[in-house]
Structure formats: structure tokens, C-alpha cells
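In case you want the letters, here they are:
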Amino acid sequence: QVQLVESGGGLVQAGGSLRLTCAASERAFSNMGWFRQAPGVEREFVAAITWNGDKTFYADTVVGRFTISRDNIKNTMYLQMNSLKPEDTAVYYCAQVFRSDGIWYNLQTSWGQGTQVTVSS
């Protein structure tokens, strides 16, 4: 099973930017994605990218502000987050993903530790 480790979170003011990184223990021949979970809220889909990077998908709340990308040589995926808002505050998780009936799911049964993103107003 591929191990995934998220990093790059932090505290930033509204309007600022962060880039999250997801490092995989080996080449992940699968679609990859980001999810986030704020306190008291269910984990939600943020963005996904196909295994070869030719297609990307975004939640409506982040379209135009976030960009997902991957580097299969480095076994790494990124989430560039611009124009951050306080409502983007959450723990962000990366995952191997699949889509069913328009909904994105984690391919694995567990999640990593995530990386905390806090956006101050």
C-alpha cells in the first residue's frame, strides 16, 4: 500500500498563498486528490488529478484559486492555494482517489495525519 505524507500547511492571512505537498512512498499509478476537514465538519473533496496529470477536477469552492499538479518522477503531488479565505481553514489530506457517481473517494481505508492550514481574517 502506498504511504502518503502531507506537508506545507501553516498560518497565513486572508488573501495569501500556500503550497501543499504530498509525498508518496512509491509511484502511485492512480488518480490522486486532496480532501480537507474543518472542525465539526465532514471531510470534503477539494481537488483531484488523473494518474498522468492530463485532467484536473475541483470543488466549486476552490475553482480559480487552487491548482493541483503532480510530478510522477518525484512521486509527489502538489496543491497550490491562492487567494486563501478563512473558510479554507482545515486539515488537508491527500489520497489515492476514485470517482463513483460524481463523488470522489479515498481508494484506501485510512488517512494520513494531514497538514493544518489556518487562514486568519
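Every value quoted in this text rests on a predicted model; they were computed, and no experiment measured them. Sequence order sets the numbering: in each chain, residues are counted from 1 along the sequence as written. Given that this is a predicted model, residues contribute local features only at a pLDDT of at least 70 and side-chain atom pairs are listed and counted only at 80 or more, while totals for whole chains, interfaces and linings are drawn from all residues. The basis for every side-chain value is the complete set of non-hydrogen atoms in the structure, without hydrogens or water.

### Focus: the pattern of salt bridges
Filter applied, for reference: For this analysis, a salt bridge means a side-chain nitrogen from Lys or Arg found within 4 Å of a carboxyl oxygen belonging to Asp or Glu. Residue burial is assigned from relative accessible area. The probe radius is 1.4 Å, only protein chains are included, and a residue is buried under 20% of its type maximum, exposed over 50%, and partly exposed in between. A helix here means a DSSP run of H or I that spans at least four residues, while a strand means a run of E at least two residues long, and both kinds are numbered starting from the N terminus.
Scanning the entire structure with this criterion turns up three salt bridges. Here R36 and E44 are joined by a salt bridge, their closest N and O atoms 2.6 Å apart. For E44, a relative accessible area of 33% corresponds to the partly exposed category. One salt bridge in this structure joins D88 and R36, with 2.9 Å as the shortest N-O distance. Of this pair, D88 sits in the loop between β8 (76–81) and β9 (90–100) while R36 sits in strand β4 (residues 32–37), and the two are 52 residues apart along the sequence. In this structure, D88 and R36 share a single accessibility class: buried. Residues joined by salt bridges that share partners form a network here, namely R36, E44, R65 and D88.

### Here's the deal with empty space enclosed by the protein
Rule in force here: Definitions used for this entry: grid spacing 1 Å over protein atoms alone; cavity, a set of points where a 1.4 Å probe fits but cannot get out; pocket, an open set with protein on both sides within 12 Å along at least 5 of 7 lines; lining residue, one with an atom within 4 Å of a point. Grid points are joined across faces, edges and corners, and a volume is the space filled by probe spheres set on the points. For this scheme, ten residues count as nonpolar: Ala, Val, Leu, Ile, Met, Phe, Trp, Tyr, Cys and Pro. Four count as charged, namely Asp, Glu, Lys and Arg, and the remainder, Gly too, count as polar.
The full count for this structure, using the stated rule, is one cavity of 30 Å³ or more. Size it by volume and the largest cavity reaches roughly 80 Å³. Within the residue set of the lining of the largest cavity, elements represented by two or more residues are β3 (18–24), β7 (66–71) and β8. Classifying every residue of the lining of the largest cavity gives five nonpolar, three polar and four charged.

### Here we look at the environment of W51
Here is the rule we go by: Any two residues having at least one pair of non-hydrogen atoms within 4.5 Å are treated as being in contact.
Summarising the element assignment, W51 is placed in the loop between β5 (44–49) and β6 (56–58). Linking W51 and R70, residues 19 residues apart in sequence, is a C-alpha distance of 8.7 Å. Not counting residues up to four positions away in its chain, the partners in contact with W51 are R27, F29, S30, N31, R70 and N72.

### Concerning unusual backbone geometry
Non-glycine residue S83 carries a positive phi angle of around 50°. Within the secondary structure, S83 is located in the loop between β8 and β9. Exposure remark for S83: the relative accessible area of 41% places this residue in the partly exposed category. A positive phi is found at D101, a non-glycine position, where the angle reads about 50°.

### Remarks on the packing of aromatic side chains
Definition in use: Put simply, two rings from Phe, Tyr or Trp (the six-membered ring, in Trp's case) pair if the centres are within 6.5 Å, and we call them stacked under 30 degrees between planes, edge-to-face over 60, tilted for the rest. Counted as over-ring charges are cases with an Arg CZ or a Lys NZ within 6 Å of the ring centre that also lie within 35 degrees of the ring normal.
Following the criterion strictly, the structure yields six aromatic pairs and no others. Both rings, one in F35 and one in W111, keep their centres 5.1 Å apart while their planes meet at 75°; by these two values the pair is edge-to-face. Of this pair, F35 sits in strand β4 while W111 sits in the loop between β10 (103–106) and β11 (115–120); the two residues are 76 residues apart in sequence, bridging distant segments of the chain. Exposure remark for F35: the relative accessible area of 5% places this residue in the buried category. Assessed through its relative accessible area of 30%, W111 is described here as partly exposed. The ring of Y93 carries R43 above its face, with NZ or CZ at 4.4 Å from the centroid.

What is shown is where atoms sit, not what they do.
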